[in-house]
Number of protein chains: 2
Amino acid sequence: MKTLFVNGNVINVFSEEIEKNNILIENGKIIGVGNYANDSADEIIDLNGKYVCPGLIDGHIHIESTMLLPSELAKISLAHGTTTIIADPHEIANVCGKDGIDFMIEASKNLPFDVYFMLPSCVPATPFDESFSNLTADELTGFYASPKVLGLAEMMNYVGVVNKDQEIFNKIEDAKYFSKRINGHAPLLSGELLDKYISAGIKDDHECSNLNEALEKLKKGMHIMIRQGTSARNLSALIPLFKKPYSNRCMLVTDDKHPADLLNNGHIDSIIRQSVSLGADVISAIKMATLIPAEYFHLEGYGAIAPSYNADFVVFDNLEDFNVLDVYKNGNKVVENKQTLPFTTPHIKKFLYEKTKSSFNLSPLTESDFIISPKTGSVRIIKTIKNELLTEEIIKPLDFSKANGIDIDSDVIKIAVFERHNGTGHRAVCYINGLTIKDGAIATSVSHDSHNLIIAGANEKDMALAGNTVINAGGGLAVVKNGKVLSLMPLPIAGLMSELSAQEVASQNQALRDSVSALGIEQGIEPFMTTAFISLAVIPHLKITTNGLIDVDKQELVDLFV
Amino acid sequence: MKTLFVNGNVINVFSEEIEKNNILIENGKIIGVGNYANDSADEIIDLNGKYVCPGLIDGHIHIESTMLLPSELAKISLAHGTTTIIADPHEIANVCGKDGIDFMIEASKNLPFDVYFMLPSCVPATPFDESFSNLTADELTGFYASPKVLGLAEMMNYVGVVNKDQEIFNKIEDAKYFSKRINGHAPLLSGELLDKYISAGIKDDHECSNLNEALEKLKKGMHIMIRQGTSARNLSALIPLFKKPYSNRCMLVTDDKHPADLLNNGHIDSIIRQSVSLGADVISAIKMATLIPAEYFHLEGYGAIAPSYNADFVVFDNLEDFNVLDVYKNGNKVVENKQTLPFTTPHIKKFLYEKTKSSFNLSPLTESDFIISPKTGSVRIIKTIKNELLTEEIIKPLDFSKANGIDIDSDVIKIAVFERHNGTGHRAVCYINGLTIKDGAIATSVSHDSHNLIIAGANEKDMALAGNTVINAGGGLAVVKNGKVLSLMPLPIAGLMSELSAQEVASQNQALRDSVSALGIEQGIEPFMTTAFISLAVIPHLKITTNGLIDVDKQELVDLFV
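Being a predicted model, the structure only gives us computed values, none of them experimental.

Caption draft 1: Fine view of the overall build of chain A. Looking only at helices and strands, chain A has 16 helices and 28 strands in total. With respect to the principal axes defined by its C-alpha atoms, chain A has extents near 90 × 50 × 45 Å. Considering only intrachain contacts with a sequence separation of at least 6, the fraction spanning at least 24 residues in chain A is 68%. Surface exposure of chain A reaches about 19900 Å², of which carbon and sulfur atoms provide 48%. Seen as two clouds, the 49 positive and the 70 negative side-chain charges of chain A have centres 1 Å apart.

Caption draft 2: A look at the sheet that holds strand E28 (residues 556–557) of chain B. Residues and elements named next belong to chain B. Read across the open sheet, the 3 strands follow the order E26-E27-E28; overall the sheet is antiparallel. Every interior strand has two partners, whereas the edge strands, strand E26 (542–545) and E28, have only one. Across 2 bridges, strand E27 (residues 548–551) lies against E28 in antiparallel orientation. Looking at the pairing, isoleucine 550 lines up with leucine 557 of E28.

Caption draft 3: How the structure looks around the relation of the copies chain A and chain B. When chain A is brought onto chain B, the operation consists of a screw motion whose angular component is 180° and whose axial shift is 0.1 Å, with 0.1 Å RMSD remaining. Given the turn and translation reported, the copies of this chain are related as if by a two-fold rotation axis. Take the interface residues of chain A: 100% of them recur as interface residues in chain B, which is what a same-surface contact looks like.

Caption draft 4: Highlighting helix H2 (residues 70–79) of chain B. Residue and element names in this part refer to chain B. By the criterion of burial, H2 is predominantly enclosed, with 9 of the 10 residues buried. Three or more residues of H2 are buried, namely Pro70, Ser71, Glu72, Leu73, Ala74, Ile76, Ser77, Leu78 and Ala79. At the exit of H2 stands glycine 81, carrying a positive phi of roughly 90°.

Caption draft 5: Layout of the side chain of B:Glu460. One can find B:Glu460 in helix H16 (residues 460–472). What B:Glu460 contacts, discounting residues up to four positions off in sequence, is B:Glu367, B:Phe370, B:Ile371, B:Ala403, B:Asn404, B:Ile406 and B:Lys414.

Caption draft 6: Spatial organisation of the interface of chain A and chain B. Taken together, the contact pairs 34 residues of chain A with 34 residues of chain B. Its largest share of buried area at the contact with chain B, chain A owes to A:Phe14, A:Lys219 and A:Arg249, together 19% of the area lost on that side. Taken together, chain A and chain B are joined by 8 salt bridges. A salt bridge links B:Glu295 to A:Arg249; its shortest N-O distance comes to 2.9 Å. Summed over the shared surface of chain A and chain B, the result is 14 residue pairs in polar contact (both at pLDDT 80 or more). Listing elements by their share of the side of chain A that touches chain B, those giving two or more residues are strand E2 (17–26), strand E3 (29–34), helix H7 (191–199), helix H8 (211–219) and helix H12 (291–296) of chain A. By residue class, the composition of the side of chain A that touches chain B is 13 nonpolar, 8 polar and 13 charged.

Caption draft 7: A look at a nonpolar patch on the surface. Residues and elements named next belong to chain A. A contiguous nonpolar surface patch, about 230 Å² in accessible area, is contributed by Tyr158, Val159 and Leu193. Residue placement: valine 159 occurs in helix H5 (residues 158–162). The exposure class of valine 159 is partly exposed, given its relative accessible area of 43%.

Caption draft 8: Molecular detail of the pairing of strand E20 (residues 412–418) of chain A. Residues and elements named next belong to chain A. A large share of E20 lies buried, amounting to 7 of its 7 residues. Every second residue of E20 is oriented toward a common face, with Val412, Lys414, Ala416 and Phe418 on one face and Ile413, Ile415 and Val417 on the other, all of them buried. Note: E20 against strand E21 (residues 427–433), 7 bridges, orientation antiparallel. In the strand pairing of E21, isoleucine 415 is matched with cysteine 430. When E20 meets strand E23 (residues 453–457), the two strands line up antiparallel, connected through 5 bridges. The residue bridging lysine 414 from the neighbouring strand is glycine 457, located in E23.

Caption draft 9: Broad picture of the packing of helix H3 (residues 98–107) of chain A against helix H13 (residues 350–357) of chain A. All names here are of chain A. Packing of H3 against H13 brings their axes to within 10 Å, and their N-to-C directions diverge by 120°. The angle between H3 and H13 places the two elements in the oblique class. As H3 runs across H13, the sense of the crossing is left-handed. Judged by residue contacts, Asp99, Asp102, Phe103 and Glu106 of H3 engage Phe351, Leu352, Tyr353, Lys355 and Thr356 from H13. Residues that form the contact of H3 with H13 fall into these classes: 4 nonpolar, 1 polar and 4 charged.

Caption draft 10: The packing of aromatic side chains, seen in detail. Residue and element names in this part refer to chain B. Counted according to the given criterion, the structure contains 26 aromatic pairs over all chains. Look at phenylalanine 5 and tyrosine 328: their rings are 4.9 Å apart centre to centre, the planes differ by 80°, and that puts the pair in the edge-to-face class. Of this pair, phenylalanine 5 sits in strand E1 (residues 2–12) while tyrosine 328 is found in strand E15 (residues 324–329), placing the two residues 323 residues apart along the sequence. The two residues phenylalanine 5 and tyrosine 328 agree in class, both being buried. Where tyrosine 116 meets tyrosine 302, the ring centres are 5.8 Å apart and the plane angle is 80°; that geometry is what we call edge-to-face. One end of the pair, tyrosine 116, is in strand E8 (residues 114–119); the other, tyrosine 302, is in the loop between helix H14 (291–296) and strand E14 (313–316), with 186 residues separating them in the sequence. The exposure classification of tyrosine 116 matches that of tyrosine 302, with both residues buried.

Caption draft 11: The arrangement of the sheet that holds strand E27 (residues 548–551) of chain A in detail. Pairing within the open sheet is antiparallel, and its 3 strands lie in the order E26-E27-E28 (chain A). Edge positions in the open sheet fall to strand E26 (542–545) and strand E28 (556–557) of chain A, since each of these has one partner strand only.

Caption draft 12: Structural detail: the side chain of B:Thr84. One can find B:Thr84 in strand E7 (residues 82–87). In this view, B:Thr84 contacts B:Leu56, B:Ile57, B:Asp58, B:Phe113, B:Asp114, B:Tyr116, B:Leu299, B:Tyr302 and B:Asp312; residues no more than four positions away in its chain are not counted.

Caption draft 13: Structural context of the environment of B:Phe360. Residues and elements named next belong to chain B. Mapping phenylalanine 360 onto the fold places it in the loop between helix H15 (350–357) and strand E18 (379–384). Its relative accessible area of 15% is what places phenylalanine 360 among the buried residues. Sequence separation of phenylalanine 360 and glutamate 419 is 59 residues, and the distance between their C-alpha atoms is 9.2 Å. For phenylalanine 360, the residues in contact, after removing those within four places along its chain, are Arg420, Ser445, Leu453, Val470, Ile471, Gly474 and Gly475.

Caption draft 14: Focus on the pattern of salt bridges. Within this structure, the stated rule accounts for 58 salt bridges over all chains. One salt bridge connects B:Glu17 with A:Lys219, and the closest N-O pair in it is separated by 3.1 Å. Remark: A:Lys219 occurs in helix H8 and B:Glu17 occurs in strand E2 (residues 17–26); the pair is interchain, linking two chains. Residue classification places A:Lys219 among the partly exposed residues on the basis of a relative accessible area of 23%. For the salt bridge of A:Arg513 with A:Glu526, the shortest nitrogen-to-oxygen distance reads 3.2 Å. Here A:Glu526 lies in the loop between helix H15 (502–517) and helix H16 (527–532) and A:Arg513 lies in helix H15, a separation of 13 residues in the sequence.

Caption draft 15: Region of the structure containing the environment of B:Ile385. All names here are of chain B. Within the element layout of this structure, isoleucine 385 appears in the loop between E18 and strand E19 (391–396). Overall, isoleucine 385 belongs to the partly exposed group, its relative accessible area being 26%. It is 23 Å that separates the C-alpha atoms of isoleucine 385 and phenylalanine 128, two residues lying 257 residues apart in sequence.

Caption draft 16: Quick look at unusual backbone geometry. The amide bond that connects A:His448 to the next residue, A:Asp449, takes the cis arrangement and shows omega of -10°. As for its position among the elements, A:Asp449 is in the loop between strand E22 (441–444) and E23. Going from B:Pro540 to B:His541, the amide bond is cis rather than trans, its omega being 5°. Its location among the elements puts B:His541 in the loop between helix H18 (527–532) and E26. Positive phi is not limited to glycine here, since B:Asn110 has a value of about 60°. Residue position: B:Asn110 is located in the loop between helix H4 (98–107) and E8. Note on B:Asn110: relative accessible area 76%, which makes it exposed. With phi around 55°, B:Lys164 is a residue other than glycine that occupies positive phi space. Topologically, B:Lys164 is positioned in the loop between helix H6 (158–162) and helix H7 (166–177).

Basis of the calculations
- Residues numbered from 1 in each chain as written.
- Chains lettered and ligands numbered in written order.
- Predicted model: local features only at pLDDT ≥ 70, side-chain atom pairs only at ≥ 80, totals over all residues.
- Heavy atoms only, no water.
- Helix = DSSP H or I, 4+ residues; strand = E, 2+ residues; numbered from the N terminus.
- Contact = heavy atoms within 4.5 Å.
- Areas by Shrake-Rupley, 256 points an atom, 1.4 Å probe, with all protein chains shown as cover.
- Lys, Arg positive; Asp, Glu negative; His and termini not counted.
- Charge placed at Lys NZ, Arg CZ, Asp CG, Glu CD.
- Pairing = 2+ DSSP bridges.
- Least-squares fit on C-alpha atoms with pLDDT ≥ 70 in both.
- Buried < 20%, exposed > 50% of the residue type's maximum accessible area, 1.4 Å probe, protein only.
- Buried area = accessible area lost by both parts, 1.4 Å probe.
- Salt bridge = Lys/Arg side-chain N within 4 Å of Asp/Glu carboxyl O.
- Polar contact = N/O pair within 3.5 Å; in protein donor to acceptor, adjacent residues only side chain to side chain.
- Nonpolar A, V, L, I, M, F, W, Y, C, P; charged D, E, K, R; others polar.
- Patch = residues over 30% accessible without salt bridge, like charges linked within 9 Å, V, L, I, M, F, W, Y side chains within 5 Å.
- Axes fitted to C-alpha atoms, helices over the stretch in contact; angles between N-to-C directions.
- Parallel < 35°, antiparallel > 145°, perpendicular 65-115°, else oblique.
- Left-handed = near helix turned anticlockwise from the far one by under 90°.
- Phe/Tyr/Trp six-rings, centres within 6.5 Å; stacked < 30°, edge-to-face > 60°.

Put into structure tokens, the structure is as follows:
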């Protein structure tokens, strides 16, 4: 059956013009654009002068950060005009290994929403990360046979690249052998080191936070992914890249988006709106979210409204607000008047489903798991800083005669990490300053990049309860006070993702935020954000891993007592 | 060993700027661009402020039209800054089938000049062409395993594409299966037919002769190859395409270049010079001859001066004349002060070499082969038009009582075609007006697209001698008068290519032109150009094939006598 869309104002990403044209589609493909007459089709849809652009593409996103299954993300993203995403399943791969990647591929199948994947290149992220498994080049290479796999995901280990580490070299060579892309991740890398990094074959970067950094990378041949996510927001610094000739080498990506942000502000459409409000040309912005990523990733049939392209397009009402009304995917209407229409969710193989739902290999915790045996001398305390992932080190003596060293008045509480993947029993407990928790405890299974169980609290009993609450939920975030669970967001899929809708997850998240304040936490402190990165031994200066405290600058374990 | 090129004015095709930068290379690759110090390399080459751009790429050329082997073409093209070509071996494939393609791949191996291939899609070009063989999809598909093969060459049979002819469909699907490009060839195709043609997956065109045609194709997603060859010259009509955003979808190609034109005017450098003189921006022109074709054909490592790219670059002295001085290929100097340095020519397998050198399967000709048995009635005469490939039909009675119908005073002479590939004995003789040959004869084995033997002359004896001269040379072009060979350009490789240098071939060609005038031919008539297309049954109106006269408009054989 042929369908003709008439009276559209069609965004042509090749000529960068708006054309009054009709669009003829058949079998999910665009087969003609021009002055086709009504009798050339079986069905006519009148666009009444509304604007039409190609379906938007997010060139780099971690689905796990949305805490949603791909099918639930699709519902929100489609309503905002995004019809294709390129995802890095780095987080679930840390928790479930290859099965995590397979799960994400299965969970994305046959959606009216294209999910392509880049293979996680750095699992675990550091030698100090205790992930479920170490994903080697040999384990990854089989995935390139999948048409859904477009390459190797963000290569964070720039030192390994520059020093030609054999295992990293193997991963890169495999991607090149299959003519696949290799995503970069090289914040502030410059000069000779950047040249070496690019020489390895890494051709894009989404970590640029200033214009000079982006321009150097672009001039050296990299495509720049302008990132505007929930936390990392580089758009305003990089707005000059929307000008030619730069715009032809840039795309728009989110990297990490939280459900409330998706619901309230949108997805790639939100970046287009912000770009326009910052002075960018709307057609350049649309091109950077359609044709440029499609051609960069060699996605034939994506990114334009022209013959031979997929009938993926977005109908919107004006060029300033980019207000998405209707969306078509492969010729089918998937969003009508801002509402995503129902679709069938994918069937996931039982084995994969059960594997991701039983990611906790950890016995129930007791108060005694959090007791520190006093020694003489001062104690290394992690000091967190508001709105930063950086930490500092405080060294001072603690009074162990009461509360096992906890000193609420001085904001010294406890934080613990428990290895949860392989039952190693590896664990560490230490002291932390800056979270401002005055009572109760929080626990989370979202802790980059290995996602072990993190618990912070003002007393051991609530810490044990918070930890057990998360363990019993198969993962998630919990807030506990006085022996009672104040709130819980279960994340049963790998301890990272919910099975609920974005609305429900956002609502649970709000409940967590509300209950956190009952712990006496100061305004502006985000305890779950801080704890999510407290175990990542690449961010200076003092972090806690499953094997103990680590001095990030020296990259070595250090003792609790000095 | 590392080599540092210092003090260059480097053309950056990403930022479209000229940067004062040093270029560091190692093992044939660029490993750094920036302010590298002299002590970062083992060898320093001072560019003394000269300009440097990436090696030029010709996105579409038929090597056979140069009448040179790839190694001889390389000598000329390199000196003009072209380091990579994408060739369609359509002509030799008509003469030698798959072996012809293999020969060209072998004859291009290990040159300091990259020759990539598109597979001839239309052999034979028409059902009336008697080629050596019919190249089917099944025969072509094995070639995609070669890293030198980038796709399917110009799809001339647009009717077959639009009507979904099964064999054409198979060829296209194979190219798509291997993620390869499919070159278009669709002069003046527009509207719905163009949409169908593009929908088949054909994404470029090099036949645009006017701006509107090019813009329609570009807006529908095609890359436009701006062709400026020896005969077909579309540059001035398409000069507005050098402006943005169009320039990012356009490249520069020659299609067909003759040796004297290459020697006297250059290759892609000549198109850049002409573009600039027509008002184009030189950096846009360079980009259209480097980055754009490289990215279109997915040639990783080509088309830019940046880390990870091949060290292919051109040193030139100013932006107006684009005067090429030195050329580097894979880091080696291959042209020094305009002179191509010696290199080893490829060894070609004996079997392939002998196959291409024995392409004539035709017994010696005698006068009687050219005698036409008179019948009653008028005769169909091919009328050629100066500077055109079109022909017309004259119908008139001839006087067979003398000279077997030849009438020099009325400019009615004979033309004959002999099938030369498979010994079928198929042949045709008829009359022609417009060549203005008053004495003697010419013969040629260059006759598109099947390259059978064509002989035109004012008497049968000279026609036989001209034909036999070409047969004995294993192919070529000959001019004969009064039983003597006035000139001969042997083309022993498939009857299409010489083994001599461009200088020698150009000199032989000049000798042919000089001797042609001895046949009394009028000024401005190009008899070899006319005869080269006299057998191509796609150009209206009356042509001669190995099976007789053909009415091109009706696509049917017609009798000589009416």
